[in-house]
Amino acid sequence: ILGGADASAPPSRFRGTKMKTARMRTTWRWAGVAAALALAACASQLKMAIQAAQRPGTDFSRYADYAWKTPSMRAPAWPATDDRAALDWQLRGLVDQQMARRGYALVGNDGADLLIGYRIERREVDLTDSFSDYAQYRAAGGEASPGEAWVQGYEQGTLYIELSDARSGELVWYGSASAVVNPKLREKRLPVAVERIFERLPPPPRGRPGVTSARDP
């Protein structure tokens, strides 16, 4: 009657229904995961990796002021004429603000104790096909779907801020912030990144007896 088919196997229409149901469950499961990750990402868009280190033996009590080592993109003006100039303008303002809060004065290049510079690097990162890696990617500002992120990977950007001794030219301190590149989040993330970087910069010990500038003999 069954034409030689295994009598224990369900009719093909039932097998198709089960497969369709399984696919729907998988789709809904993915949708639920994506929704949860989206909510988590909204709550942690400012997540970034912060690092900082100083040259061993550096005496920051000898430093009182600084000047910019990195040349300005354009003469200070607003609004900036292009995105790169706007980023340079914004970043310099944020750095000057943080240096002032820590007691360092901005002076001309000829009389500075410290020279400060910055650079931005980007690199391509491959994403493994795991939920934990994708969750970290979304928490760091990524917006691509799981399939797109796993196939194409993503771009990570790192901001480096470096302080050098003006006399010797030696690097005495650096700080960095890394996150997934997302132009939509730059206005929010850049002030936070600079603030977190400078939280690790030793302030000059103002007001302590015997403290001198690096220019003093």
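Structure: see above.
Remember, predicted model here, so these are calculated numbers, not experimental data.

Criteria and cut-off values
- Residues numbered from 1 in each chain as written.
- Predicted model: local features only at pLDDT ≥ 70, side-chain atom pairs only at ≥ 80, totals over all residues.
- Heavy atoms only, no water.
- Buried < 20%, exposed > 50% of the residue type's maximum accessible area, 1.4 Å probe, protein only.
- Helix = DSSP H or I, 4+ residues; strand = E, 2+ residues; numbered from the N terminus.
- Pairing = 2+ DSSP bridges.
- Expected span 1.5 Å × (residues − 1).
- Contact = heavy atoms within 4.5 Å.
- Core = buried A, V, L, I, M, F, W, Y, C linked by side-chain atoms within 4.5 Å.

Visitor: I would appreciate a short explanation of the pairing of strand 5 (residues 154-165) in the present structure.
Guide: Consecutive side chains along a regular strand alternate between the two faces of the sheet. Of all 12 residues in strand 5, 10 are buried; the element is thus mostly enclosed. The pairing of strand 4 (residues 114-125) with strand 5 spans 12 bridges and is classified as antiparallel. The residue of strand 5 that forms the bridge with Arg122 is Gly157. The pairing of strand 5 with strand 6 (residues 171-180) spans 9 bridges and is antiparallel. What sits directly across from Leu163, in strand 6, is Trp173. Count of turn residues in the strand 5/strand 6 antiparallel hairpin: 5 residues, of which Gly169 carries a positive phi of about 80 degrees.

Visitor: It is not clear to me how helix 2 (residues 83-101) should be interpreted in this structure. Could you clarify?
Guide: Structural remark: α-helix, 3.6 residues per turn; residues separated by three or four positions point the same way. For helix 2, built from 19 residues, the straight-helix expectation of 27 Å at 1.5 Å per residue is met to within 8% by its first-to-last C-alpha distance of 27 Å. Of the residues making up helix 2, those classed as buried are Ala85, Ala86, Leu87, Asp88, Gln90, Leu91, Arg92, Leu94, Val95, Gln98 and Met99. Buried positions along helix 2 lie against strand 2 (65-68), strand 4, strand 5 and helix 5 (186-198). Downstream of helix 2 by a residue or two, Gly103 has a phi angle that is positive, lying close to 90 degrees.

Visitor: Just to check I follow, could you spell out the environment of Gly111 for this structure?
Guide: Along the chain, the position of Gly111 falls in the loop between strand 3 (105-106) and strand 4. Expressed as a C-alpha distance, the spacing of Gly111 and Ala67, which sit 44 residues apart in the sequence, is 8.3 Å.

Visitor: Honestly, the nonpolar core in this entry has me stumped. Any pointers?
Guide: In globular proteins that are soluble, nonpolar side chains generally tend to be buried together. In this structure, Val95, Met99, Ile116, Ile161, Leu163 and Phe198 are the most contacted members of the largest nonpolar core, which totals 29 residues. Looking at this core, the elements that each hand over two or more residues are strand 2, helix 2, strand 4, strand 5, strand 6 and helix 5. Ranked by residues supplied to this core, first place goes to helix 5 with 6 residues. In this structure Phe198 touches Val95, Gln98, Met99, Arg102, Ile116 and Ile161, once residues within four positions along its chain are discounted.

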